[in-house]
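# Structure at a glance
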Amino acid sequence: SEQTNDVVLSLNGRFTYNDYNNIRKTVADALQQNPKTLTIDMAALEFIDSAALGMLLLARDEASKISVDVRIHGAQGLVERVRDVARFKTLFEFI
């Protein structure tokens, strides 16, 4: 099937361990659209915990199996600091 250019997942508020089932389904639905890239928009995200960081890594792994690049957009404030501490800049493209 033909690839779409980009699918955007927008996160807002808090992204934590409690979001596991929801984000897993959301990522699977997004990847079924066969995008070239999956952009995770964090501009409205206020908090992220270590479990949620792990979920992002799982999403990246699932996407890489079908040659989809995962990018993260708009990390700011606390979310940006957590990203930097976790060295996520070496694992994802930030735009």
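Residues numbered from 1 in each chain as written. Predicted model: local features only at pLDDT ≥ 70, side-chain atom pairs only at ≥ 80, totals over all residues. Heavy atoms only, no water.

## A look at the nonpolar core
This is how it is decided: Among the buried residues, those of types Ala, Val, Leu, Ile, Met, Phe, Trp, Tyr and Cys that are joined through side-chain atoms within 4.5 Å form a nonpolar core. Accessible area is worked out with a 1.4 Å probe on protein chains only. A residue is then buried under 20% of its type maximum, exposed over 50%, and partly exposed in between. Secondary structure follows DSSP: runs of H or I at least 4 residues long count as helices, runs of E at least 2 residues long count as strands, and numbering of each begins at the N terminus. A contact between two residues is defined here by any heavy atoms of the two lying within 4.5 Å.
Grouped together as the largest cluster of nonpolar side chains are 27 residues, with contacts concentrated most on F15, L38, M42, I48 and L56. If you list the elements that add at least two residues to this core, you get β1 (4-15), α1 (20-31), β2 (35-48), α2 (50-65), β3 (69-73) and α3 (77-85). If you tally residues by element for this core, the top one is α2, at six residues. For L56, the residues in contact, after removing those within four places along its chain, are F15, I40, M42, I48, I72, F88 and F92.

## Some thoughts on unusual backbone geometry
Of note, the phi angle at N34 is positive, near 55°, even though the residue is not glycine. Turning to its location among the elements, N34 is positioned in the loop between α1 and β2. A positive phi is found at S67, a non-glycine position, where the angle reads about 60°. Position of S67 among the secondary structure elements: in the loop between α2 and β3. Judged by its relative accessible area of 59%, S67 falls in the exposed class.

## So, the pairing of β2
Put simply, the test is: Paired strands, as defined in this entry, are two strands with at least two bridges between them according to DSSP. Crossover handedness is defined by viewing with both strands directed away from the observer: a clockwise path from the first strand over the helix to the second marks the crossover as right-handed.
Taken together, the five bridges between β2 and β3 define a ladder with parallel strand orientation. Among the inter-strand pairings, T37 is bridged to a residue of β3, identified as D69. What joins β2 to β3 is α2, and the crossover it makes is right-handed.

## Notes on the pattern of salt bridges
Basically, it comes down to this: Basic side-chain nitrogens of Lys or Arg form a salt bridge, by our definition, when they fall within 4 Å of a carboxyl oxygen of Asp or Glu.
This structure, assessed with the given rule, holds four salt bridges. Here E62 makes a salt bridge to K65, at a shortest N to O gap of 2.9 Å. Taken as a pair, E62 and K65 lie in helix α2 at a separation of three residues, close to a single helical turn. For K65, a relative accessible area of 61% gives the class exposed.

## Comments concerning the environment of V79
Summarising the element assignment, V79 is placed in helix α3. The exposure class assigned to V79 is buried, which follows from its relative accessible area of 3%. Expressed as a C-alpha distance, the spacing of V79 and D69, which sit 10 residues apart in the sequence, is 21 Å. With sequence-adjacent residues up to four places away left out, V79 is seen in contact with M42, L45, E46, F47 and I48.

## A few points about the pairing of β3
Every second residue of β3 is oriented toward a common face, the buried set being V70 and I72 and the non-buried set D69, R71 and H73. In the sheet, β3 pairs with strand β4 (residues 93-94) via two bridges, with the strands oriented parallel. Among the inter-strand pairings, I72 is bridged to a residue of β4, identified as F94. Handedness of the β-α-β unit built from β3, α3 and β4 comes out right-handed.

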